[in-house]
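Residue strings, one per chain:
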Amino acid sequence: MTEPRVRLEGITHRFGSEPVLRDISLDIAPSELLTLLGPSGCGKTTLLRIIAGFERPSEGRVLIDGEDITSLPANKRPTNLVFQRPTLFPHLDVFANVAFGLQVARVGRGEQRERVAEALALVRLEGYERRRSHELSGGQMQRVALARALVNRPAVLLLDEPLSALDLKIRLEMEVELRRVHRETGATFVYVTHDQREAMALSDRLVVMDAGRVDQVGTPTEVYRCPASVFAAQFVGNANVLPVEVLESGNGDAVLRLGSHTRRIDYQDAATGPAWLVLRPEAVRVTGAFGANGTPDSLPGVVRDAAYRGTGFSYRIELSELDAHVKAETRGATGHEVDQPVSIDWDSDACWLLPRGEEETAPPAPTAGEDLRPADRDRGEEIEEPDRPKEETKG
Amino acid sequence: MTGTRRSPITGAFTVAGLVFLWAPLLLVFLFSFHSTGSLTFPFEGFSTRWYDEVFSSGVIRSAAENSLIVATSTALLTLLLGTLAAYGLTRSSSRLRGPLSLLFFLPITLPGLFVGVALLVAFTRVEFSLSLLTVTIAHLVYVFPFFFLVARAALERLDPALEETAADLGASRWTVFRRVTLPQVWPVLVGAACLAFALSFDEFVITFFVIGPDSTLPMYIWSSLRRTIDPSINAISSLLLAFTMLLFVVTFLLTVWSERRRRGRSLAEDPLVLTGPREGTA
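### A closer look at the overall build of chain B
Turning to step 1, where the next piece is worked out: Summing up its helical and strand segments, chain B has eleven helices and zero strands in all.
Turning to step 2, where the next piece is worked out: Ordered by position from N to C terminus, the α and β elements of chain B give α-α-α-α-α-α-α-α-α-α-α.
Turning to step 3, where the next piece is worked out: Within the span of chain B, comprising 282 residues, buried residues form 31% of the whole.
Turning to step 4, where the next piece is worked out: A fraction of 77% describes how many contacts in chain B between residues 6 or more apart in sequence connect residues 24 or more apart.

What follows is the structure, encoded as structure tokens:
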């Protein structure tokens, strides 16, 4: 493996006696777009500020390109941060904002002009040099902030929820822009967000954080398909988490017991005993009345809620035998009625098992992030926010 | 209009109050243009002779010069020290920040008499001879809390993220202050310094204790009033009034201008107020 661009070694941080980060070690590769993802209060922003040099970790080291920079103040670090709100200097125009870092570094005037023009071209704001920040839209301001950071060619670009203050529509456009800028610059990005959809759309790798710890590190696909914990399963995408018992395991197979029901699934090396079954809603198949064309393995249930979502239906189905509910996303134009008995089944290779304590019967309540914007949590297909007026779509 | 009906008594009280407040001022102003030395009605015609007298008097001129020297030094010193104190305290993370800040502006509650006596005792104790320097020091003590309060409020209103941004872009502490903090607050600071100037320029009580052999304008007015009521006093007072009001107007305008600048921007920075055509990104 090549040398990491950023290496975090055993970072622990306390505010007073309250630990907000616990023993975090992480390598970030050059040109990688890494996302720190977690609910608010999980410590992701603190970790970013430690890399930027605004906080000094209580314990541990920060290395950039092999050099220990733990004790360097922010203004001496090869990092630049894009803040959550666009923090443009109100007394300066766009050019002076973008040129700020170059001027502080005493770069010659000719080079300043060249590099500012280059940076503004990168964020597609050519010709905006003389604008003031109050003449820009929110999205434009955040682009200027991005150009102002990138113009310094930082070893690492840090982004602290840079899109969260923007309207959903502009946010989605900016995601496309960020991916393009990342491709074109080949810079290393560390991106903080609480929005799992955004994280999956942008990242090369995700770091799922919970209560000051790293829960899982992996590509979006890995984290989505093979979550390391019930927390990761529920925070990244929608998930059904059901208590099961693994009765047998071997030969790439496992036999599960759900309530009084048994089911064989494709699964490598499952540990026998109690487990959580993680089932993504889109892997759940819903068929008509029980027994009609369901396989012997399918589970009986009753539709408790149904919503049409364009690409198909989303259901909430009560499993009569299990005292549990299952969310399902189906495709197609015909659906099932509320209170209609159905049977559910799933692709036998689409499930994931996690260890469960003997006593646990209900999964821990989903984190706050889960309920904030239920609509856009389902892999980005549905992008409507109920509480904001819809903008006119044009071109 | 369904509010309570205004009673004629309320109106009468309002008028009486306004007359009480403004009549003496207007009388001084009016009689400063009186053509005779009489300070009572009937008014016998306009003239600017008292103003001519004021401008030609060497004593008054030197008193006015002293006042200008003291007020200017006080304002400049306050601007420098008060800005440093307010900046340091608003950016400090020390636990003493609150109590210290209180110590800085609490002297605002001290009676002038007390400050005057205390300083006089202190100066004589250390055998510091009384002069315009002691007056300047005394005025600094007096106006500092006013300046500090205004400066602290202005600095606290600034978005700390802007200073962090500048530091992140490589700026040292000093560069951040010079290139980001100061450009945003200087109008308020200069306005507050004008206020300090005005307060110092017509300060009397404290000055009385620590002045020594020199004279300032308020001291001159007081001493000449002790002998006789000279109508030129009206002219001096009117000039003082006009000058002080001018300073307050400048202070006010600077503050309003700075506030409007800040507000206009923060309104535009509110990302929920996105107006105008969106930039196309297809």
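### Some thoughts on the overall build of chain A
Turning to step 1, where the next piece is worked out: Summing up its helical and strand segments, chain A has nine helices and 20 strands in all.
Turning to step 2, where the next piece is worked out: Relative to its full complement of 395 residues, chain A shows a buried share of 43%.
Turning to step 3, where the next piece is worked out: Restricting the contact set of chain A to residue pairs at least 6 apart, pairs at least 24 apart contribute 66%.

### Observations concerning the domain arrangement of chain A
Turning to step 1, where the next piece is worked out: The assigned domain composition of chain A is domain 1 (6–225) and domain 2 (230–377).
Turning to step 2, where the next piece is worked out: The centre of domain 1 of chain A, based on its C-alpha atoms, is set 37 Å off from the matching centre of domain 2 of chain A.

### Quick word on the sheet that holds strand 19 (residues 341–346) of chain A
Residues and elements named next belong to chain A.
Turning to step 1, where the next piece is worked out: The antiparallel open sheet is built from five strands, whose spatial order is 15-19-16-17-18. Each edge of the open sheet carries a strand with a single partner, namely strand 15 (284–287) and strand 18 (324–331). Across the sheet, the mean angle from the axis of one strand to that of its neighbour is 45°, orientation sign disregarded.
Turning to step 2, where the next piece is worked out: Here strand 16 (residues 299–308) runs beside strand 17 (residues 312–319); their pairing, made up of seven bridges, is antiparallel. The residue of strand 17 that forms the bridge with Val-303 is Ile-317.

### Topic: the nonpolar core
Turning to step 1, where the next piece is worked out: Membership of the largest hydrophobic core comes to 110 residues, with the highest contact counts inside it found for A:Ile51, A:Ala147, A:Val190 and A:Leu277.
Turning to step 2, where the next piece is worked out: Of all the elements, helix 4 (residues 138–150) of chain A adds the most residues to this core, at seven residues.
Turning to step 3, where the next piece is worked out: Residues contacting A:Ala147, with those up to four places away along its chain left out, are A:Val98, A:Ala119, A:Leu120, A:Leu122, A:Val123 and A:Leu125.
Turning to step 4, where the next piece is worked out: B:Ala85, B:Ala151, B:Leu195 and B:Leu247 belong to the second-largest nonpolar core, a separate cluster that totals 40 residues.

### Points about helix 1 (residues 44–52) of chain A
All names here are of chain A.
Turning to step 1, where the next piece is worked out: By the criterion of burial, helix 1 is predominantly enclosed, with eight of the nine residues buried.
Turning to step 2, where the next piece is worked out: Taken together, the buried positions of helix 1 are Lys-44, Thr-46, Leu-47, Leu-48, Arg-49, Ile-50, Ile-51 and Ala-52.
Turning to step 3, where the next piece is worked out: One or two residues past the end of helix 1 sits Gly-53, with phi positive at roughly 100°.

### Digging into the pairing of strand 15 of chain A
All names here are of chain A.
Turning to step 1, where the next piece is worked out: Covered by surrounding structure in strand 15 are Val-284 and Val-286 only, the residues Arg-285 and Thr-287 on the alternate face being uncovered.
Turning to step 2, where the next piece is worked out: Where strand 15 lies against strand 19, four bridges are found, and the strand directions are antiparallel. Bridging across to strand 19, Thr-287 finds its partner in Ser-343.

### A look at the pairing of strand 11 (residues 240–250) of chain A
Residue and element names in this part refer to chain A.
Turning to step 1, where the next piece is worked out: Bridge count for strand 11 against strand 14 (residues 273–279) is seven bridges, and the pairing is antiparallel. Its bridge partner being in strand 14, Leu-242 is matched across the sheet by Leu-277.
Turning to step 2, where the next piece is worked out: As defined by bridge partners, strand 11 adjoins strand 12 (residues 253–258) across five bridges and the pair is classed as antiparallel. Following the sheet pairing, Gly-250 is matched in strand 12 by Asp-253.
Turning to step 3, where the next piece is worked out: Two successive antiparallel strands, strand 11 and strand 12, enclose a turn made up of two residues, where Asn-251 displays a positive phi of approximately 55°.

### A word on helix 6 (residues 132–157) of chain B
Turning to step 1, where the next piece is worked out: For helix 6 of chain B, spanning 26 residues, the distance from its first C-alpha to its last is 36 Å, which sits close to the expected 38 Å at 1.5 Å a residue.
Turning to step 2, where the next piece is worked out: Largest kink in helix 6 of chain B: about 40°, centred on B:Val143, with the proline B:Pro145 one to four residues after it.

### Quick look at the environment of B:Val249
Turning to step 1, where the next piece is worked out: One can find B:Val249 in helix 11 (residues 232–269).
Turning to step 2, where the next piece is worked out: The spacing of B:Val249 and B:Thr36 is 213 residues in sequence and 33 Å in space, taken between C-alpha atoms.

### With respect to the packing of helix 6 of chain B against helix 8 (residues 173–201) of chain B
All names here are of chain B.
Turning to step 1, where the next piece is worked out: Across the interface, helix 6 lies against helix 8 with an axial gap of 9 Å and an inter-helix angle of 160°. By the angle class used here, helix 6 and helix 8 are roughly antiparallel. Here helix 6 runs over helix 8; the crossing is right-handed. Counted together, His-139, Tyr-142, Val-143, Phe-146, Phe-147, Val-150, Ala-151, Ala-154 and Leu-155 of helix 6 and Val-185, Val-188, Leu-189, Ala-192, Ala-193, Leu-195, Ala-196, Leu-199 and Ser-200 of helix 8 form the full contact between these two elements.

### Here we look at the sheet that holds strand 2 (residues 18–28) of chain A
Residue and element names in this part refer to chain A.
Turning to step 1, where the next piece is worked out: The strand order 2-1-4-5 describes an open sheet built from four strands, whose pairing is antiparallel. The open sheet has two edge strands, strand 2 and strand 5 (67–68), and neither has a second partner.
Turning to step 2, where the next piece is worked out: With two bridges connecting them, strand 4 (residues 59–64) and strand 5 associate as antiparallel partners. Residue Ile-64 lies in a different strand from strand 5, and its bridge partner there is Glu-67.
Turning to step 3, where the next piece is worked out: Docked against the sheet, helix 1 engages strand 1 (6–15), strand 2 and strand 4, running at close to 120° with respect to strand 1.

### Describing unusual backbone geometry
All names here are of chain A.
Turning to step 1, where the next piece is worked out: Within the chain, Ala-211 stands out as a residue other than glycine whose phi angle is a positive 50°.
Turning to step 2, where the next piece is worked out: Relative to the helices and strands, Ala-211 is located in the loop between strand 9 (205–210) and strand 10 (213–218).
Turning to step 3, where the next piece is worked out: With phi around 55°, Asn-251 is a residue other than glycine that occupies positive phi space.
Turning to step 4, where the next piece is worked out: Its location among the elements puts Asn-251 in the loop between strand 11 and strand 12.
Turning to step 5, where the next piece is worked out: By C-beta crowding, Asn-251 is classed as exposed, having 7 other C-beta atoms within 10 Å.

### Things to note about the environment of A:Val302
Residues and elements named next belong to chain A.
Turning to step 1, where the next piece is worked out: With respect to the helices, strands and loops of the structure, Val-302 is situated in strand 16.
Turning to step 2, where the next piece is worked out: Sequence separation of Val-302 and Leu-256 is 46 residues, and the distance between their C-alpha atoms is 22 Å.
Turning to step 3, where the next piece is worked out: In contact with Val-302, not counting residues within four places along its chain, are Ile-317, Glu-318, Ser-320, Asp-339 and Pro-341.

Reading the values: rules and limits
Residues numbered from 1 in each chain as written. Chains lettered and ligands numbered in written order. Predicted model: local features only at pLDDT ≥ 70, side-chain atom pairs only at ≥ 80, totals over all residues. Helix = DSSP H or I, 4+ residues; strand = E, 2+ residues; numbered from the N terminus. Buried ≥ 20, exposed ≤ 12 C-beta atoms within 10 Å, placed from the backbone. Contact = placed C-beta atoms within 7 Å. Domains from an automatic or database assignment. Pairing = 2+ DSSP bridges. Axes fitted to C-alpha atoms, helices over the stretch in contact; angles between N-to-C directions. Core = buried A, V, L, I, M, F, W, Y, C linked by C-beta atoms within 7 Å. Expected span 1.5 Å × (residues − 1). Bend = angle between axes of the 7 residues up to and from the residue. Parallel < 35°, antiparallel > 145°, perpendicular 65-115°, else oblique. Left-handed = near helix turned anticlockwise from the far one by under 90°.

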